[in-house]
Amino acid sequence: MAFLNHKTNEIQLKIVYYGPGRSGKTTNLRYIYENFSERLNSKMITINTEGERTIFFDYFPFDIGEIAGYKVKVQLYTVPGQMKYKSTRRLVLNGIDGVVFVANAVKSERRRNILSLRDLQKNLRHYQKNIFQIPFVFQYNKLDLTKKGIPLLSPALLERDLNRQLMRPAYVASAIEGRNVAATLKTIISMTSQSVTANLN
Amino acid sequence: MLVNKAVNNKNEIDRRLDELFDESSQHAVLEKFGDSFDKDPLVELKSLLLSIDWEINDKVLAEYLTCIDGLKELYANDKIVFNLLQILEFSGRYIQKSRIKAHPNIFGILNSSFLAIEAIILNKKISYIDKQNLFKMELGKYRKFRTLLAKNKNAGIETKIHKPIATDNSKNDHPEKAAKFPNNPTAGTINISEQHFIEAINDIKQLIISEINSLRKEIKCHEKHEI
């Protein structure tokens, strides 16, 4: 359940970008920050990075105005994708309201996508959350790599591997080019706020 | 009223998100994927059931049980579908344990339970009573199967008990054979189990006799008091 402050009439929606290492989670947030930060009037915070890789998490909070009498604050987080940062990933999921699963469409990453999704399911269970019930959007990232001749997994195969049972909205995307980054974000915010307001009602 | 409010809220959120993340100047292509893809949640289960019917192997059974796990989570709020999935799970575990020795009726249970789940999920208008009836029917079949298994198991034990006595008789028929193999381990086990069996029967007889005697005494005492 989202954090609700009755005194200030404020709801905080926590949305986490999850996925295997190097799938483009931070790139998603960076694109949003670089293109919409003026409108959103906010700053992105990246905590502890090792070169280009996130080893703690990224954090990007912003307001989306008032809904049903409540000020809605959205907090975007990413998790470190590498297998070794298991405990940090679990920690970041605490109090989660919605998930964007960023899958890497590069062919060699097929197994890691599946393992990461299983890891997410396990970590959500730890917080008594059901992967089938939480607002959830898939993003099949790195489509731009076809231009470089890198073999990619087809969207149909990605759907079959990851989304066959979950049946969630899915976007093919290129976070580095900004393709479908905002669409993914809009969908997850919309789904999460609907779910939270339904709970409030 | 609540529904209208929810729709209004949704529209308001979407309008605001469109404003905040307007990409019209960036030529973004919105490609929402998935409309053309077959999103029947039972497709995978169906193909795995067909695979099991064709050949029982570790990989398929593991995939089958994982698939059931996923579906159980998906239908955690629908008790009837959830329970039907449990029948499929128990049946799968039985096959995993018994392998080629699995009773052939189990495949009928698998197919029938799957068809019941499919009927419930695909028919959105199905009433709760119809769903319940379907479940009761499947549960009945599954229980019948379990009883059949238990009977077969008991029959197996009976044969094990009778077998030594028969062998023992045959030993008497051929005393020379028994003399030839005095240290035959099987023969030893047979004698011991038979002896245990007879001792157990005698114990039970004694217990019944003593119980009847004490009951008789109690009845006599009651009769005297009444007089």
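Here the structure is a predicted model, which is why all the values come from computation and not from measurement.

## Digging into the overall build of chain B
When helices and strands are tallied, chain B shows 8 helices and 1 strand. Helices (α) and strands (β) of chain B occur, in sequence order from the N terminus, as α-β-α-α-α-α-α-α-α. Sequence-distant contacts in chain B: of pairs separated by 6 or more residues, those separated by 24 or more amount to 59%.

## Quick look at the overall build of chain A
On a plain count of helices and strands, chain A comes out with 5 helices and 8 strands. Helices and strands appear in chain A in the N-to-C order β-β-α-β-β-β-α-β-α-β-α-β-α. In chain A, buried positions account for 48% of the 201 residues. Contacts spanning at least 24 positions in sequence make up 73% of the contacts within chain A whose residues lie at least 6 apart.

## A few points about the nonpolar core
All names here are of chain A. Core analysis: the largest hydrophobic core is formed by 81 residues, its most contacted members being Val-16 and Phe-101. When residues of this core are assigned to their parent elements, the largest contribution, 8 residues, is made by helix α5 (residues 181-200). Ignoring any residue separated from it by four or fewer positions in sequence, one finds Val-16 in contact with Tyr-77, Val-79, Val-92, Leu-93, Ile-96 and Val-99.

## Here's the deal with the packing of helix α2 (residues 43-54) of chain B against helix α3 (residues 58-74) of chain B
Residues and elements named next belong to chain B. Interaxial distance between α2 and α3 falls to 10 Å at its minimum, and their mutual angle equals 150°. The pairing of α2 with α3 is recorded here as roughly antiparallel in orientation. Here the hand of the crossing between α2 and α3 comes out left-handed. Residues Glu-44, Leu-45, Leu-48, Ser-51 and Ile-52 of α2 lie in contact with α3, whose contacting residues are Val-60, Leu-61, Glu-63, Tyr-64, Cys-67 and Leu-71. Of the residues in the contact of α2 with α3, the class split is 8 nonpolar, 1 polar and 2 charged.

## Quick word on the confidence of the model for chain B
All names here are of chain B. A residue-level look at chain B finds 69% of positions with pLDDT of 70 or above and a mean pLDDT of 73. Of all secondary-structure elements in chain B, the lowest mean pLDDT belongs to helix α7 (residues 175-180), at 44, while helix α4 (residues 79-98) reaches the highest, 91. Considering only residues more than four positions removed or in separate chains, one finds that residues 25-31, a stretch of pLDDT under 50, has 11 contacts.

## Notes on the pairing of strand β7 (residues 136-141) of chain A
Residues and elements named next belong to chain A. Counting buried residues along β7, 6 of its 6 residues qualify, which places the element largely inside the surrounding structure. Covered by surrounding structure in β7 are Phe-136, Phe-138 and Tyr-140 together with Val-137, Gln-139 and Asn-141, the residues of both alternating faces. Pairing of strand β6 (residues 98-104) with β7 involves 6 bridges; the strand directions are parallel. Note that in β7 the partner of Val-100 across the bridge is Val-137. Across 3 bridges, the pairing between β7 and strand β8 (residues 170-172) is parallel. Within β8, the position partnered with Gln-139 by the bridge is Tyr-171. On the question of chirality, the crossover connecting β7 to the parallel β8 by way of helix α4 (residues 155-163) is right-handed.

## Section: the environment of Pro41(B)
Position of Pro41(B) relative to the elements: it lies in the loop between β1 (32-33) and α2. By C-beta crowding, Pro41(B) is classed as partly exposed, having 18 other C-beta atoms within 10 Å. Between the C-alpha atoms of Pro41(B) and Leu71(B), which are 30 residues apart in sequence, the distance is 7.9 Å. Here Pro41(B) is in contact with Gln165(A), Met167(A), Leu71(B) and Leu74(B), once residues within four sequence places are set aside.

## Observations concerning α3(B)
Residue and element names in this part refer to chain B. The end-to-end C-alpha distance of α3, which contains 17 residues, comes to 24 Å, matching closely the 24 Å that a straight helix rising 1.5 Å per residue would cover. Those residues of α3 that sit buried are Tyr-64, Cys-67, Ile-68, Gly-70, Leu-71 and Leu-74. Within α3, the buried residues cover an arc of 160° as seen down the axis, which keeps them to one side. Exposed residues lying more than 90 degrees from the buried face of α3 are Asp-58 and Ala-62. On its buried face, α3 is in contact with α2 and α4.

## A look at unusual backbone geometry
Negative phi characterises most residues that are not glycine, and trans characterises most peptide bonds. We note that Arg22(A) has phi near 65°; this positive angle belongs to a residue other than glycine. Within the secondary structure layout, Arg22(A) lies in the loop between β2 (10-18) and α1 (25-40).

## Focus: α1(A)
Three- or four-residue spacings in an α-helix give side chains the same orientation, since the helix completes a turn every 3.6 residues. All names here are of chain A. With 16 residues, α1 extends just 19 Å between its outermost C-alpha atoms, more than 12% less than the 22 Å of an ideal straight helix rising 1.5 Å per residue. At Glu-34, α1 shows its largest bend, some 50°. Buried within α1 are the following residues: Lys-25, Thr-26, Thr-27, Asn-28, Leu-29, Tyr-31 and Ile-32.

## Details of the pairing of strand β5 (residues 70-78) of chain A
Residue and element names in this part refer to chain A. Of the two faces of β5, the one holding Tyr-70, Val-72, Val-74, Leu-76 and Thr-78 is buried and the one holding Lys-71, Lys-73, Gln-75 and Tyr-77 is not buried anywhere. Pairing of β2 with β5 involves 8 bridges; the strand directions are parallel. When the bridges of β5 are listed, Leu-13 appears paired with Val-74.

Parameters and conventions
Residues numbered from 1 in each chain as written. Chains lettered and ligands numbered in written order. Predicted model: local features only at pLDDT ≥ 70, side-chain atom pairs only at ≥ 80, totals over all residues. Helix = DSSP H or I, 4+ residues; strand = E, 2+ residues; numbered from the N terminus. Contact = placed C-beta atoms within 7 Å. Buried ≥ 20, exposed ≤ 12 C-beta atoms within 10 Å, placed from the backbone. Core = buried A, V, L, I, M, F, W, Y, C linked by C-beta atoms within 7 Å. Axes fitted to C-alpha atoms, helices over the stretch in contact; angles between N-to-C directions. Parallel < 35°, antiparallel > 145°, perpendicular 65-115°, else oblique. Left-handed = near helix turned anticlockwise from the far one by under 90°. Nonpolar A, V, L, I, M, F, W, Y, C, P; charged D, E, K, R; others polar. pLDDT = per-residue confidence, 0-100. Pairing = 2+ DSSP bridges. Right-handed = clockwise from strand over helix to strand, strands pointing away. Expected span 1.5 Å × (residues − 1). Arc of directions from axis to C-beta. Bend = angle between axes of the 7 residues up to and from the residue.

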